[in-house]
Amino acid sequence: MGKNEKSGVGRALVKHHNAMIQQSKEKGRFYKSQHKKVLESVTEVSNIDAVIEQAEEADQLFSIHHPTPNPLINLDVSSSISDMTPEERREQQKKEEALHASSLRVPRRPPWTAAMSVEELDANEKQAFLVWRRSLARLEENEKLVLTPFEKNLDIWRQLWRVLERCDLLVMVVDARDPLFYRCPDLEEYAKEIDKHKRTLLLVNKADLLPVSMRKKWAEYFRLHKVLFVFWSAKAATAELEGKLLTDHWKMENNMRKSDDPETKIHGRDELLARLQYEAEEIVKMRKSGSDTSTSSNIYSPRNNAEGTSAPKSVMVGFVGYPNVGKSSTINALVGQKRTGVTSTPGKTKHFQTLIISDELTLCDCPGLVFPSFSSSRYEMIASGVLPIDRMTEHREAVQVVANRVQRHVIEDVYKIKLPKPKPYESQSRPPQASEFLRAYCASHGYVASSGLPDETRAARQILKDFIDGKLPHYEMPPGMSAEDGEEDDGNPSLSEVLKSDASDVEDSLENGTETTPVFEHVLDDLSSFDLANGLVSKKATVKKSNESRKHHKKPQRKKDRSWRVGNDDEDGMPVTRVFQKPVNSGPLNV
Ligand SMILES: Nc1nc2c(ncn2[C@@H]2O[C@H](COP(=O)(O)OP(=O)(O)OP(=O)(O)O)[C@@H](O)[C@H]2O)c(=O)[nH]1
């Protein structure tokens, strides 16, 4: 090999090296410019905004070079259903929901390789996202369907894609009071599409707000449906870490009662970490051995470890879920110190983060995401803590969700108020009307707007906050089960006791046959207090609905502590922090 030839190879190597550096610098600049804009959750976009925004993103707006029609606009609107009765409409809606269930998908990341340029990757992702938005826009146009607000910011979905790709075990955090509302089965499907060995564990958080009898019912339901689950309370685990007792609400002590049943007990911090590591290691072993079988039992026992296969070096557990279900609280409790901000305002976690618990276990926390779904109204989503209370305008509708779900006597007990009883000719078991509830609350708390009228907006915000935080106890039954199903005396307040309504007089009047017979004097009496806009009002409440009372009282939002965020992850430009867990001296929860 001659001297010239030698230096030629050297030059080529140096050139290649410089080109690589240049490329990575450009990549960095691109991501920097991409992430200059604050990552904001977008759920409240009207169709027209969506059309413009998405068309802009896809460079298709008024472009001569792209004469194809905007893919979000579909003028093929289905036939009118306006002449249907409400029952027929609901029936039709159910049928349509079943028919279109498979279209209600989480957006998939288009196939990619490390050889792709950043621009190509970006364009592909935008295009795939646009197609996804188009399919959902079609569903939205179907007047027989109600599609609830869902996350429309591609950058938030990108965070999810990365978490899904990186993790071995996916932990879906749900609120124990209505686990199915917060569960997204399609996400479980998607995880399996990425890697058939990936599994999803349902972390049923806020279990401190659920009586043991209800945990039993849900455990039965999950077992029947082969769902891997764990009951957990980030709040209790945090209290345990801080050496505090959990005494917030009247039911917690009962809910936290010691339970030996591995399925219904609320796991302690160390127990949960061990369980997560075990499940993730099983997945990695399965992947390595090429085996298809996954652990089917929900009962965790370290002795069940697959024989013969050595434990993997390190495993990754990804946390996903709707906003406000307690992902940050869970991560903080697991890490053993405050690493992510916790507030009751949904949508505060914006970027995913990686937290190294030990050499063997890493956690990855994704921002809260509102998955597309049918059926639940915007108000239900506000009441469930998924959409922020601050953006609420129709406060009566949202408070009606609370009034429908919390027993009348519980509302009265918690707030020490008296709600107007149903009129003799009304159904005696009807829930309180939002207007009745709000007025009684305003009267007892002295909430008066500057106009001199009851400050319903302020009251609504407080009531919804109490509902979300658990001050107003409520929970959903597993589908197909009733409150009395399989109830046994375990020393806890029975479900029927907990849910006991003040329907004693309801039943009495039903038995006496007085339920539906309006007494003429009562009707006349009520007409005098009839508020055309809002229905029957309490005789004492003489104030009328006023626009004034709907004024917003924007509360200053607590800022999350984000000072821990450091640097960029060189792989995909996402901010991460690496936290090494300090050993925390805490045993399993005393439950
Ligand atoms: N009772 C009870 N409340 C909890 C528990 N875990 C979290 N919370 C409360 O739920 C609210 C939301 O908690 P976060 O940890 O901020 O929820 P998040 O899922 O990270 O929310 P985003 O940042 O919006 O994604 C806070 O008010 C917490 O105090 C729990 O186990 N029990």
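Everything here concerns the structure above.
Treat the numbers as computed from the prediction; the structure is a model and nothing was measured.

(A) Focus on the overall build of the protein chain. The helix and strand tally for the protein chain stands at 20 helices and 11 strands. Here the protein chain holds 591 residues, and the buried ones make up 51% of them. Long-range contacts, defined as pairs at least 24 residues apart, comprise 76% of the intrachain contacts of the protein chain with a sequence gap of at least 6. Looking at the protein chain as shown, the accessible area adds up to about 29700 Å², and 53% of this sits on carbon and sulfur atoms.

(B) Inspection of the environment of Ser103 at higher detail. Mapped onto the fold, Ser103 is located in the loop between α3 (86-100) and α4 (118-141). Between the C-alpha atoms of Ser103 and Arg138, which are 35 residues apart in sequence, the distance is 9.9 Å.

(C) Highlighting the sheet that holds strand β6 (residues 353-356). Here we have seven strands laid out as an open sheet, ordered β4-β3-β2-β1-β5-β7-β6, and mixed in their pairing. Strands at the two margins of the open sheet, each flanked by one partner only, are β4 (266-267) and β6. Bridge count for strand β3 (residues 229-232) against β4 is two bridges, and the pairing is parallel. Residue pairing in the sheet places Trp232 in a bridge with His267 of β4. Seen against the sheet, helix α5 (residues 154-166) touches β1 (169-175), β5 (315-321), β6 and β7 (361-365) and runs at an angle of roughly 145° to β5. Here helix α12 (residues 327-335) sits on the sheet and contacts β1, β2 (199-205), β3, β5, β6 and β7; the angle it forms with β5, its principal contact strand, is near 150°.

(D) Up close: the nonpolar core. Formed by 113 residues in total, the largest nonpolar core has its most connected members in Leu160, Leu187, Phe319 and Phe437. Top contributing element to this core by residue count: α5, with seven residues. Leaving out residues up to four positions away in the same chain, Leu160 has contacts with Val106, Leu187, Val320, Cys366, Leu369 and Phe371.

(E) Highlighting helix α8 (residues 212-224). When the terminal C-alpha atoms of α8 are compared, their 18 Å separation across 13 residues agrees well with the 18 Å that a helix rising 1.5 Å per residue should span. Just downstream of α8 lies Lys226, where phi reads positive at about 55°.

(F) Inspection of the side chain of Asp186 at higher detail. Following the sequence through the fold, Asp186 ends up in helix α7 (residues 185-194). The contact partners of Asp186, leaving out residues within four places of it in the chain, are Leu104, Arg105, Val106 and Arg108.

(G) A look at the pairing of β3. Because side chains alternate across β3, one face comprises the buried residues Phe229 and Phe231, and the other comprises Val230 and Trp232, equally buried. The pairing of β2 with β3 spans three bridges and is classified as parallel. Bridged to Val204 within β3 is Phe231. Handedness of the crossover is the feature at issue here: the chain leaves β2, passes through α8, returns alongside β3, and the resulting connection is right-handed.

(H) Fine view of the packing of helix α14 (residues 395-405) against helix α17 (residues 456-469). The geometry of α14 relative to α17 is characterised by a closest axis approach of 10 Å and an angle of 40° between their N-to-C directions. Taken together, the axis directions place α14 and α17 in an arrangement best described as oblique. Seen along the crossing, α14 lies across α17 with a hand that is left-handed. Residues His395, Arg396, Ala398, Val399, Val402 and Arg405 of α14 touch α17, and the partners they reach there are Glu456, Thr457, Ala460, Ile463, Leu464 and Phe467. Across the contact of α14 with α17, the residue classes tally to seven nonpolar, two polar and three charged.

How each quantity is defined
- Every chain is numbered independently, its residues counted from 1 as its sequence is written.
- Side-chain atom pairs in this predicted model are given and counted only at pLDDT of 80 or more, local residue features only at pLDDT of at least 70, and totals for whole chains, interfaces and linings cover all residues.
- Values shown for side chains rest on all heavy atoms present in the structure; no hydrogens or waters enter the calculation.
- Each helix is a run of DSSP H or I of at least 4 residues and each strand a run of E of at least 2, with the numbering of both proceeding from the N terminus.
- A 1.4 Å probe rolled over the protein chains alone gives each residue an accessible area, and that area as a share of the maximum for its type sets the label: buried under 20%, exposed over 50%, partly exposed in between.
- In what follows, residue pairs with any heavy atoms lying within 4.5 Å of each other are defined as contacts.
- Only the protein chains shown count as cover for residues, with accessible areas throughout obtained via the Shrake-Rupley method and a probe of 1.4 Å.
- Two strands pair under a simple rule: DSSP has to find at least two bridges between them.
- With axes taken as lines fitted to C-alpha atoms, and helix axes fitted only over the stretch in contact, angles between N-to-C directions fall between 0 and 180 degrees.
- Residues grouped as a nonpolar core are buried Ala, Val, Leu, Ile, Met, Phe, Trp, Tyr and Cys residues, joined through side-chain atoms within 4.5 Å.
- To estimate how far a helix should extend, the number of its residues minus one is multiplied by 1.5 Å.
- Every crossover in which the path from the first strand over the helix to the second runs clockwise, viewed with the strands pointing away from the viewer, is termed right-handed.
- Should an angle fall under 35 degrees it is taken as roughly parallel, and over 145 as roughly antiparallel, whereas 65 to 115 is taken as roughly perpendicular and any remaining angle as oblique.
- Here a crossing is called left-handed whenever its near helix is offset anticlockwise from the far helix by less than a right angle, and right-handed whenever the offset is clockwise.
- Here the term charged refers only to Asp, Glu, Lys and Arg, the term nonpolar to Ala, Val, Leu, Ile, Met, Phe, Trp, Tyr, Cys and Pro, and the term polar to all other amino acids, Gly among them.

Purely geometric numbers; function is a separate question.
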